[in-house]
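Report on the structure
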Amino acid sequence: SLPHRCFIIAVISYLATGSKYSESLTNNQYRMLAVIGQTQDIVLPCKLDHPMDVVDEMVEWSRSDLNPRFVHVWRSGEDHLVGQNPSYKNRTSVSTEKLKTGDVSLKITKVRLSDEGTYRCFIPGLNANFSVELVVGKWTNSILLECKSKGWYPEPEVFWLENKGKIISAGSKEMLRGPDDLYVLSSRLTLEKGHSNNITCRIQQNNQYREAKIHVPDALSARSTIAGLIAGVVFIIFVAFLVWKWRKYNMGETLIYFKGL
């Protein structure tokens, strides 16, 4: 039998409350993470499979939990923001150039905690829609990703992958036998600083596999980069100081020496 869908749970430790966030990622949904204090702007992806000009199409970005629900609307070749939810005023945009290629991705600036939610990208004229879940939180140095899938027989393998299929060191793996005698697999991975932005969990059995993807913001890698730059600058200043002291000391010795003559 075909195994059930595979999904990733992102568990984010909030600094302010210590609470945890977790929810499944379904096959028709893409998840993105934003970090308050690190992620200033974020682009929610929505792109047609086949490039085409949609400048003249209506494009609706909305959240069903809001009233009014519209986050951004493009109509008749321009923004149509009359019914836009006020919390997004002057913070959303779509690219006219990208619309010409079927890319209707939404840019949100100055990301807030209240931006967290599931966004629907809908092009009525083409009957095309896509969901993007945005998770907004705060963490220190790492996040915990958990991948689950059920309905397998025999036991499958699990792989965590970065960009271009590079395998990350294996996380924990737990295998349970369900009442239907099929296997339920769960794997956890603690993602530290320095990894790529796009992480994939692949559960595989022979030629059959299921995948779940998650986009991680730049914060984890950016922090290590910034820390490295700061350390480098401090080191250069320190070396420069030592050189200056050495030159000053040797110049003083030379002046005294010549004075002795």
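That block above? That's the structure.
Sequence order sets the numbering: in each chain, residues are counted from 1 along the sequence as written. For this predicted model, a pLDDT threshold of at least 70 governs which residues receive local features, and a threshold of 80 or more governs which side-chain atom pairs are given and counted, while totals over whole chains, interfaces and linings are taken from all residues. As a rule here, side-chain values come from all non-hydrogen atoms in the structure, and water together with hydrogens is ignored.

Before going further, it helps to spend a moment on the pattern of salt bridges. Salt bridge, as used here: a side-chain nitrogen of Lys or Arg that lies within 4 Å of a carboxyl oxygen of Asp or Glu. For the structure shown, the criterion picks out 7 salt bridges. Where Asp115 meets Arg91, a salt bridge forms, and the shortest distance between an N and an O atom there is 2.8 Å. Here Asp115 is found in the loop between β9 (106-108) and β10 (117-123), whereas its partner Arg91 is found in the loop between β7 (78-79) and β8 (92-93), with 24 residues between them in sequence. Residue Asp115 is classed as buried on the basis of its relative accessible area of 1%. The salt bridge partner of Lys148 is Glu146, with a shortest N-O separation of 3.7 Å. A 1.4 Å probe rolled over the protein chains alone gives each residue an accessible area, and that area as a share of the maximum for its type sets the label: buried under 20%, exposed over 50%, partly exposed in between. Lys148 gets classed as partly exposed once you look at its relative accessible area, which sits at 31%. Salt bridges here are not isolated pairs; linked through shared partners, they connect Glu146, Lys148 and Arg188. Strands are runs of DSSP state E lasting at least two residues, helices are runs of H or I lasting at least four, and both sets are numbered from the N terminus onward.

The term disulfide is used for any two cysteine sulfur atoms that are within 2.5 Å. Evaluation of the coordinates by the stated rule reveals 2 disulfides. Put simply, Cys46 and Cys121 are joined by a disulfide, and their sulfur atoms are 2.1 Å apart. Since a negative S-S torsion denotes a left-handed disulfide, the Cys46-Cys121 link at about -80° is left-handed. Remark: Cys121 occurs in strand β10 and Cys46 occurs in the loop between β4 (42-44) and β5 (59-62); sequence separation between them is 75 residues. As far as the burial class goes, Cys46 and Cys121 line up, both buried. A sulfur-sulfur separation of 1.9 Å characterises the disulfide bridge that pairs Cys147 with Cys201. Residues Cys147 and Cys201 are joined through a disulfide that is left-handed, its torsion about the S-S bond being -90°. One end of the pair, Cys147, is in strand β12 (residues 143-152); the other, Cys201, is in strand β16 (residues 198-205), and 54 residues separate them in sequence. Taken as a pair, Cys147 and Cys201 share a single burial class, namely buried. Should the bonded cysteines of the protein chain be numbered as they appear in the sequence, the pairing reads 1-2, 3-4.

Turning our eyes to something else, we now look at the nonpolar core. By nonpolar core is meant a set of buried Ala, Val, Leu, Ile, Met, Phe, Trp, Tyr and Cys residues that side-chain atoms within 4.5 Å join together. Ranked by internal contacts, the top residues of the largest apolar core, which has 26 residues, are Ile42, Leu44, Trp61, Leu99, Val104, Tyr119 and Leu134. If you list the elements that add at least two residues to this core, you get β3 (29-35), β4, β5, β6 (70-75), β9, β10 and β11 (128-137). Those residues within four positions of Val104 in sequence are excluded, and the remaining contacts are Cys46, Val54, Val59, Trp61, Val94, Leu99, Cys121 and Ile123. By size, the runner-up hydrophobic cluster in this structure holds 18 residues, among which are Trp152, Ile168, Ile214 and Val216. Whether two residues touch is decided by their heavy atoms; if any such pair falls within 4.5 Å, the residues are in contact.

So, on to the side chain of Gln205. Inspection of the secondary structure assignment puts Gln205 in strand β16. Residue Gln205 is classed as buried on the basis of its relative accessible area, which comes to 11%. Counting of polar contacts relies on pairs of N or O atoms within 3.5 Å, with two restrictions inside protein: one atom must be capable of donating a hydrogen and the other of accepting it, and residues adjacent in sequence are counted only when both atoms are side-chain atoms. From its side chain, Gln205 meets the backbone oxygen of Pro154 in a polar contact 2.5 Å long. In this structure, Gln205 is in contact with Trp152, Tyr153, Pro154 and Pro156, ignoring residues within four places of it in sequence.

A word on the sheet that holds β4. Two strands make a pair as long as DSSP finds a minimum of two bridges between them. A sheet is described by the order of its strands in space; here 3 strands give the open sequence β4-β9-β8, paired in antiparallel fashion. Two strands bound the open sheet, and with one partner strand each, they are β4 and β8. Bridge count for β4 against β9 is 3 bridges, and the pairing is antiparallel. What sits directly across from Leu44, in β9, is Leu106.

Let us look at unusual backbone geometry. Cis geometry marks the peptide bond from Asn67 to Pro68, where omega comes out at 0°. Position of Pro68 relative to the elements: it lies in the loop between β5 and β6. Cis geometry marks the peptide bond from Tyr153 to Pro154; its omega dihedral reads -5°. Of note, Pro154 is situated in the loop between β12 and β13 (157-161). Here Asn90, not a glycine, exhibits a phi torsion of approximately 60°, which is positive. As for its position among the elements, Asn90 is in the loop between β7 and β8. With relative accessibility at 70%, the residue Asn90 sits in the exposed group. Phi is positive for Asn127, which is not a glycine, with a value near 55°. If you trace the backbone, Asn127 turns up in the loop between β10 and β11.

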